[in-house]
Amino acid sequence: MSNQHMGKAVPHDSAAKHVTGQAIYIDDIVLPAGHLHGYVSMSPKAHAQITSMDLSAVRTSPGVAAVISATDVPGAIDIGPVLPGDPVLADGWVEYAGQALFAVAAGTESEARAAAKRADITYDDLDAILDIETARAQGSYIVEPYAITVGDAQAALAKSANQLSGKLAIGGQDHFYLEGQVAVAMPGEDGDMLIYSSTQHPSELQHLVAKVLGKSSKDVTVEVRRMGGAFGGKETQAAPVACQAALLATATGRVVKVRLDRDDDMMATGKRHPFHVNWRVGFDADGVLDAAAFDYLADCGYSPDLSLAILDRALFHADNGYFLKNALIRGFACKTNKVSMTAFRGFGGPQGMLGIEAVIDDIARHLGIDRLDVTKRNLYGRDGTRDATPYGQRVEDNILPELIDQLEASSDYRQRRTEITAFNASHSHLKRGLALTPLKFGISFTATFLNQAGALVHVYNDGSIQLNHGGTEMGQGLNTKVAQVVADEFGVPLDAIKITATHTGKVPNTSATAASSGTDLNGMAARDAAQTIKARLAAFAAEQLGADGENLSYADGNVLIGEKTLTFAGFVRQAYMHRISLSASGFYATPKITYDPATRQGRPFFYYAYGAAVSEVVVDALTGEHRVLRADILHDAGRSLNPALDLGQIEGGYIQGLGWLTTEELWWDGEGNLKTHAPSTYKIPAAGDLPADFRVAFFQGENREDNIGRSKAVGEPPLMLASSAFFAIRDAVASVAGNRLNPSLDTPATPEKVLMAIEDIKQRRDTEQ
Amino acid sequence: MDETTVISCTVNGEAVEEIVPARLNLVDFLREKLDLTGSHVGCEHGVCGACTVRLDGVIVRGCLTLAAQVNGATIETIEGVTATGEVADLQEAFLARNAAQCGFCTPGMVMSAAELLTVNPDAGRAEIRDFLSGNYCRCTGYQAIIDAVETTLAGRKNGGSTT
């Protein structure tokens, strides 16, 4: 193996196509003549019995080729990904406003839309649960509440010198992938179905399409070349439109495309879970935690989807980077009549961490100690003590103390703290705030069986290579990284390798490209495939070329066999002539991980990824408006496989997290209708929201575990760096009242919420005096 | 609703004459009638900028412009500006700085950035940020895009419009 590509800032394999508009997304595929457009009609009711559904006028509307409702589904109606609960089309009642009622296929999208409006549907309204607190009061849960415990939190709380309690409401987040949900279904012979989908999970989608069609997985093929963004929003949420397209294609025998427009996409598809976190902690005079009790209440929406795993991950991250000797961490999976909340970058981890960061923040202000000092004092230990997480995994690779020290120095944290204190003392309306927050994020799917991957590598007898793996490309550069791995295995240039679309016919039974695991899993699987071929080549060289197989060396497009150098192409050509198989599948299963869901103890994570950020903000105390002036990030990507791509994940993650915590507000009305269902009312960050001074650096180190190239996963963790901006805003708000009182500020910290927090803290200050 | 109109226009240097529904918007016209799929449909609200194209030399939202409005006009899309090479340096800078991740916003971003390069060749980072604030990118966090535009501006100042 050579090391010519791994570790290099190789451009994204599609970069040249991206910048010229030549990259093909699903909506760009040229479809055969006679193809149809599907439209899915959505429920206007949050919770209701459907008393009648008359679709006769829809059927006779111009251009309509087919109309289907639940009764027309040949196979199963339920397409819940893990547990049942998600009907592909409403089956007698509706449980959220936006739920799919029926689907129409017509010659054009506007014909299909116009036809759908002619439906005559009557409902009997049912009581709708629209918020977390009502769900809790009524005991409306997806599963019974559960807890992770360590030590005796209640007893330790009672004995603690200091106690504090608090609560934080955390908003959800729409993915706002620029390319909305879309799928094309192409019927074939024998009722086979080929699906082009913008999905992170081709295998699950294949399975679900087969299920609704009453077929089996062998009858359905799913292909995905690339997605126009996903962020978790296309893990389970791509399946409904693909299933609906497949049903319409089956009904008509024609090619059907279903593409949700932005408003429909935002109303119909799942989002990041809103959470409420209630906490009570005990700590000593230095701010070191003795005991912590957390209640995490997740708004799961109407169905399980992935909520249980997401709530698990929230609870697994209630410690963030901090040692909790005594902890009671309870989870409540609240069922409400909203869209089913789903995977979103971080998968509950960000909400978990935000809870304890609020605790650290409050303790610091309560004791009059800098937040950074309270942070440092509570970190996990490094000497085999204070290193057990509440779920029993030992933190063996804790680099946070040195990482934070480095960032503290490089960001001039102490100096700027002094300057900001002076600034705030001399400015009545503009207030600055500063915060450093760390992150520790567990890498692996917490459902252990998902930590497997496959790959298929073909070496052609001209020396070129086709690379397939089970992961999907959503912009993160997974294909590029996996190609770097394979190129180095064979010692060939990157352009000798063709990365193909992800295809269920090539690599079966894949896991979603999710949990930041894409490169870890698929890189290893592809390497395994390459090594299988190399083992055959070594045996061939030993037998036919008199080489000692151990001494084969691949570099610069050549193979060194003993004293002899052959071109890679020449060598594989010879192997082919001697009837050596040049194609192999590869497989990888993450080692070491084990977790017992019954006891909620084990080692769910192969390793942890770390990082920290310092954000500085300025808040206008008269309007609540704020800006991030500067952000400094130090992030741990292990030995980065591709610093250019990893930098993109860090920068993009921080900004996406900033949107989640400051501007992106999901707002449902009293009837359960999402009113922020377009960019006119839902504000994601724009270029102008970027910190004017943005400094990102990699922590120098490598993964202690034998992960691909000693790198670390980098997809999700950087999002959590943005919590530093939220706590900087909190710092600025607290400065209005002398930095002694803890602001009550929920997320997203919109100007409105910041202004209310400022008014509240002023009142409390005045009451106190 | 079904009313149609005939339009003649120049698209990427080629004369085009088509019968179009009166309500067809420009980006759908380009994508569906002319197979110019580099312009993307992101929000259909005029907010995200993925459909940005040039109309008589000035950028517009392809989703907020009707095809019927471009009768007699000159249209340039990402395919056109790529073919002429006018943004080759900008595209190269995007590539070098990983300024595209999923790539869906990128053609629109390149079209907007191309306008900035001509209307404000002295733009600093603040001006670049402001100018590009009408184009959403959900992946990159913009830093790479702003860097790429800054690099291109510097390159052009130092002579030559291509790298």
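Residues numbered from 1 in each chain as written. Chains lettered and ligands numbered in written order. Predicted model: local features only at pLDDT ≥ 70, side-chain atom pairs only at ≥ 80, totals over all residues. Heavy atoms only, no water.

### Remarks on the sheet that holds strand 22 (residues 558-561) of chain A
Residue and element names in this part refer to chain A.
No. 1: Pairing is antiparallel across the open sheet formed by 3 strands, whose spatial order is 21-22-23. This sheet does not close on itself; its edge strands, each paired only once, are strand 21 (553-555) and strand 23 (564-567). Adjacent strand axes in the sheet meet at a mean angle of 25° when their direction is disregarded.
No. 2: By the bridge criterion, 3 bridges tie strand 21 to strand 22 in an arrangement that is antiparallel. Note on strand 22: the bridge partner recorded for Y554 is V559.
No. 3: In this fold helix 16 (residues 568-577) packs onto strand 21, strand 22 and strand 23, with an angle of close to 90° to the strand it touches most, strand 23. (Pairing = 2+ DSSP bridges. Helix = DSSP H or I, 4+ residues; strand = E, 2+ residues; numbered from the N terminus. Axes fitted to C-alpha atoms, helices over the stretch in contact; angles between N-to-C directions. Contact = heavy atoms within 4.5 Å.)

### Describing the interface of chain B and chain A
No. 1: Opposite the 42 residues of chain B that make contact, chain A presents 55 residues.
No. 2: Both sides of the chain B and chain A interface together cover about 3,800 Å² of buried area, and 57% of this is carbon and sulfur.
No. 3: It is R129, Y136 and R138 of chain B in chain B that bury the most area against chain A; as a group they hold 22% of the surface buried on that side.
No. 4: The interface formed by chain B and chain A includes 5 salt bridges.
No. 5: D28 of chain A is the partner of R31 of chain B in a salt bridge, and the nearest nitrogen-oxygen pair spans 2.8 Å.
No. 6: Our count for the contact surface shared by chain B and chain A stands at 25 residue pairs in polar contact (both at pLDDT 80 or more).
No. 7: Of all elements in the fold, only helix 2 (78-84), helix 3 (88-96), helix 4 (106-119) and helix 6 (143-157) of chain B reach the threshold of two or more residues within the side of chain B that touches chain A.
No. 8: Classifying every residue of the side of chain B that touches chain A gives 21 nonpolar, 15 polar and 6 charged. (Buried area = accessible area lost by both parts, 1.4 Å probe. Salt bridge = Lys/Arg side-chain N within 4 Å of Asp/Glu carboxyl O. Polar contact = N/O pair within 3.5 Å; in protein donor to acceptor, adjacent residues only side chain to side chain. Nonpolar A, V, L, I, M, F, W, Y, C, P; charged D, E, K, R; others polar.)

### Remarks on the domain arrangement of chain B
Residue and element names in this part refer to chain B.
No. 1: Along its sequence, chain B is carved into domain 1 (4-77) and domain 2 (85-157).
No. 2: Residue-level contacts link 17 residues of domain 1 with 13 residues of domain 2.
No. 3: In this assembly, domain 1 packs against domain 2 so that about 1,100 Å² is buried in total across both faces, 54% of it on carbon and sulfur atoms.
No. 4: When residues of domain 1 are sorted by the area they lose upon contact with domain 2, H40, R54 and I59 head the list and together hold 41% of the total. (Domains from an automatic or database assignment.)

### So, the confidence of the model for chain B
No. 1: Residues of chain B with pLDDT of at least 70 account for 97%, and the chain-wide mean is 96.
No. 2: Confidence estimates for the predicted assembly give a pTM of 0.98 and an ipTM of 0.97. (pLDDT = per-residue confidence, 0-100.)

### A look at the side chain of T504 of chain A
Residue and element names in this part refer to chain A.
No. 1: Along the chain, T504 falls in the loop between strand 20 (502-503) and helix 15 (518-544).
No. 2: Looking at T504, the relative accessible area reads 8%, which means it is buried.
No. 3: In terms of polar contacts, T504 uses its side chain to reach the backbone amide nitrogen of V222, at 2.9 Å.
No. 4: Apart from the residues lying within four places of it in its own chain, the contact partners of T504 are P202, S203, Q206, V220, T221 and V222. (Buried < 20%, exposed > 50% of the residue type's maximum accessible area, 1.4 Å probe, protein only.)

### Observations regarding the nonpolar core
No. 1: By size, the foremost hydrophobic cluster in this structure holds 207 residues, and its most contacted members are F294, F490, F571 and Y654 of chain A together with F94, Y142 and V149 of chain B.
No. 2: When residues of this core are assigned to their parent elements, the largest contribution, 11 residues, is made by helix 15 of chain A.
No. 3: Among all residues touching Y142 of chain B, those that are not within four sequence positions of it are P685, A686, A687 and L690 of chain A together with M109, N135, Y136 and C137 of chain B.
No. 4: One finds V40, I68, L213 and A246 of chain A within the second-largest nonpolar core, a separate group that totals 36 residues. (Core = buried A, V, L, I, M, F, W, Y, C linked by side-chain atoms within 4.5 Å.)

### Section: helix 11 (residues 371-378) of chain A
All names here are of chain A.
No. 1: Burial within helix 11 is extensive, with 6 of its 8 residues counted as buried.
No. 2: Burial in helix 11 covers these residues: R371, L372, D373, V374, T375 and N378.
No. 3: Those residues of helix 11 hidden inside the fold are in contact with strand 14 (289-299), helix 10 (349-367), helix 12 (400-410), helix 13 (413-426), strand 16 (430-443) and helix 18 (723-735).
No. 4: With a side-chain oxygen positioned 2.8 Å from the backbone nitrogen of L372, the residue opening helix 11 is D370.

### Observations concerning the side chain of R225 of chain A
Residue and element names in this part refer to chain A.
No. 1: In this structure, R225 sits in the loop between strand 11 (220-224) and helix 7 (239-252).
No. 2: Engagement of the side chain of R225 in a polar contact is seen with the side chain of D13, the distance being 3.2 Å.
No. 3: In terms of polar contacts, R225 uses its side chain to reach the side chain of S14, at 3.4 Å.

### Quick look at the packing of helix 10 of chain A against helix 11 of chain A
Residue and element names in this part refer to chain A.
No. 1: For the pair helix 10 and helix 11, the least separation of the axes is 8 Å and the interaxial angle reads 120°. Classified by the angle their axes make, helix 10 and helix 11 are oblique. Handedness of the crossing formed by helix 10 with helix 11: right-handed. Residues E357, I360, D361, I363 and A364 of helix 10 touch helix 11, and the partners they reach there are R371, V374, T375 and N378. (Parallel < 35°, antiparallel > 145°, perpendicular 65-115°, else oblique. Left-handed = near helix turned anticlockwise from the far one by under 90°.)

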